[in-house]
Amino acid sequence: MTHTETLQSSGGDVRLRGISKTYGSFTAVHPLDLTIPAGSFFALLGASGCGKTTTLRMIAGLEEPTTGTVELSGRDVTDLPPYKRQVNTVFQNYALFPHLDIYENVAFGLRRRGIKSVKKQVEEMLDLVQLGPLARRRPQQLSGGQQQRVAVARALINHPEVLLLDEPLGALDLKLRRQMQLELKRIQTEVGITFVHVTHDQEEAMTMADTVAVMNGGRVEQLGAPAELYENPATTFVANFLGTSNLIRAGVVEAGGAELLLKAGDAELRLPARRCSAPARSGGQVLAGVRPEKVALAHADDAGTIAEGRNRLSGRIKDAGFIGVSTHYVVDVPGLGELAVYEQNIERDGRLVPGAETVLHWNPAHTFALDAEQDRQAGADLDEEAA
Ligand SMILES: Nc1ncnc2c1ncn2[C@@H]1O[C@H](COP(=O)(O)OP(=O)(O)O)[C@@H](O)[C@H]1O
Ligand SMILES: [Mg+2]
């Protein structure tokens, strides 16, 4: 699809300096420094109540910060009202005008500014969100996903430098949400402006964003590209909230070299020293982490065939859930607890059923280590919660 350059706007960068929000004695957002580069797709990810909407509203000018400043494209806008900022917001509940058709909903921002000849721009916008043929329908005659696209078109026609999206897909069912994620990503690439997307859905954030900021309790806990966050979580919260992690309490046997040597229960584990984000000293403790999909499962009878040099733990299968593309195992490892293992459905070993004695094994390079002075369960089972 091609569009004329009228659709292309330049994105603006967003710079937050020491921005915070307190309500009485409660701090919703702790002093936050954040730079969102122009033209990027940026996600604020976190569980319900962690301060995402408050942060977004401070950028939009809908909420006055308790401390700190907001800059858009290098200009301090902290004291400007929302309508004087080059920012538009798309909310979860679309807020379309029910008495206007789609065309007029999209034209609204232009008409309000007294612009008479709206046809070309409205048609381009409808084209961008692929709703041209539905221009004369009313909002209630559209599906949820179509209404969402109208809301995006209605915001984009004002040529904001930054588009803020607050859980814009939250009202859609899963399949439509996945479809709209790709659609929004395409639109952002096409128009090139800065998108700041708020979501509690970690898959959504990872699918769409160039950079994800994981928020927890009013703070940004870690920020980075999706793969970077997933592979190198710096805290137990990020390790558990972004996908699933096995976090194994282990003692440090040997530190200082290129490899860290750990002891977990009776087993020795190794990992590259650079993948340890905690200060590791011999005699200290860390949490050794490994993602379930990195772990292979062998029947105990085949333990002898496992290649040398791999990390290995012995345990008994407690549960096996066949998903289709994969099987999710829960394995009880004596002294260490339950570990998750995801096995791709390639050649299934019929002996790997609940009760079977197994060996879990993985490449030491796929192990990371975190500071043991944290709640091992932080962030687990939060991602399904509605925000
Ligand atoms: N106007 C308000 N008065 C008091 N507390 C508020 C107000 N707005 C938000 N909060 C509180 O601030 C915290 C963060 O809210 P919010 O930014 O909406 O979280 P999120 O969008 O991440 O779910 C929540 O605990 C919420 O109850
Ligand atoms: Mg919210």
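Residues numbered from 1 in each chain as written. Chains lettered and ligands numbered in written order. Predicted model: local features only at pLDDT ≥ 70, side-chain atom pairs only at ≥ 80, totals over all residues. Heavy atoms only, no water.

Novice: In this structure, what is going on with the pattern of salt bridges? I would like to understand it.
Specialist: Opposite charge on two side chains permits them to pair, given that their charged atoms come into close proximity. Within this structure, the stated rule accounts for 20 salt bridges. Here Lys120 and Glu124 are joined by a salt bridge, their closest N and O atoms 3.4 Å apart. Of the two residues, Lys120 and Glu124 both sit in helix H3 (residues 119-128), four residues apart, roughly one turn of that helix. One salt bridge in this structure joins Lys318 and Glu338, with 2.6 Å as the shortest N-O distance. Pair noted here: Lys318 is in strand E16 (residues 311-322) and Glu338 is in strand E18 (residues 337-344), with a separation of 20 residues, a long-range link. Here the salt bridges share partners, and the residues they tie into one network are Arg177, Arg178, Asp201, Glu203 and Glu204. (Salt bridge = Lys/Arg side-chain N within 4 Å of Asp/Glu carboxyl O. Helix = DSSP H or I, 4+ residues; strand = E, 2+ residues; numbered from the N terminus.)

Novice: Sorry if this is basic, but what is going on with the packing of aromatic side chains here?
Specialist: Two aromatic rings are characterised by how far apart their centres lie and by the angle between their planes. Tallied over the full model, the rule gives three aromatic pairs. For the ring pair Phe41 and Phe195, a centre distance of 5.3 Å and an interplane angle of 45° mean the geometry is tilted. A residue pair is termed long-range when its members are at least 10 positions apart, and Phe41 in strand E3 (residues 41-45) and Phe195 in strand E8 (residues 194-199) qualify at 154 residues. Residue classification places Phe195 among the buried residues on the basis of a relative accessible area of 0%. Where Phe237 meets Phe241, the ring centres are 5.3 Å apart and the plane angle is 15°; that geometry is what we call stacked. (Phe/Tyr/Trp six-rings, centres within 6.5 Å; stacked < 30°, edge-to-face > 60°. Buried < 20%, exposed > 50% of the residue type's maximum accessible area, 1.4 Å probe, protein only.)

Novice: Sorry, what's going on with the pairing of strand E1 (residues 14-23) here?
Specialist: Along a regular strand, successive side chains alternate from one face of the sheet to the other. Bridge count between E1 and strand E4 (residues 67-72): five bridges; the pairing is antiparallel. In the strand pairing of E4, Ser20 is matched with Thr67. Pairing between E1 and strand E2 (residues 26-36): seven bridges, direction antiparallel. Across the sheet, the residue bridging to Thr22 is Thr27, located in E2. (Pairing = 2+ DSSP bridges.)

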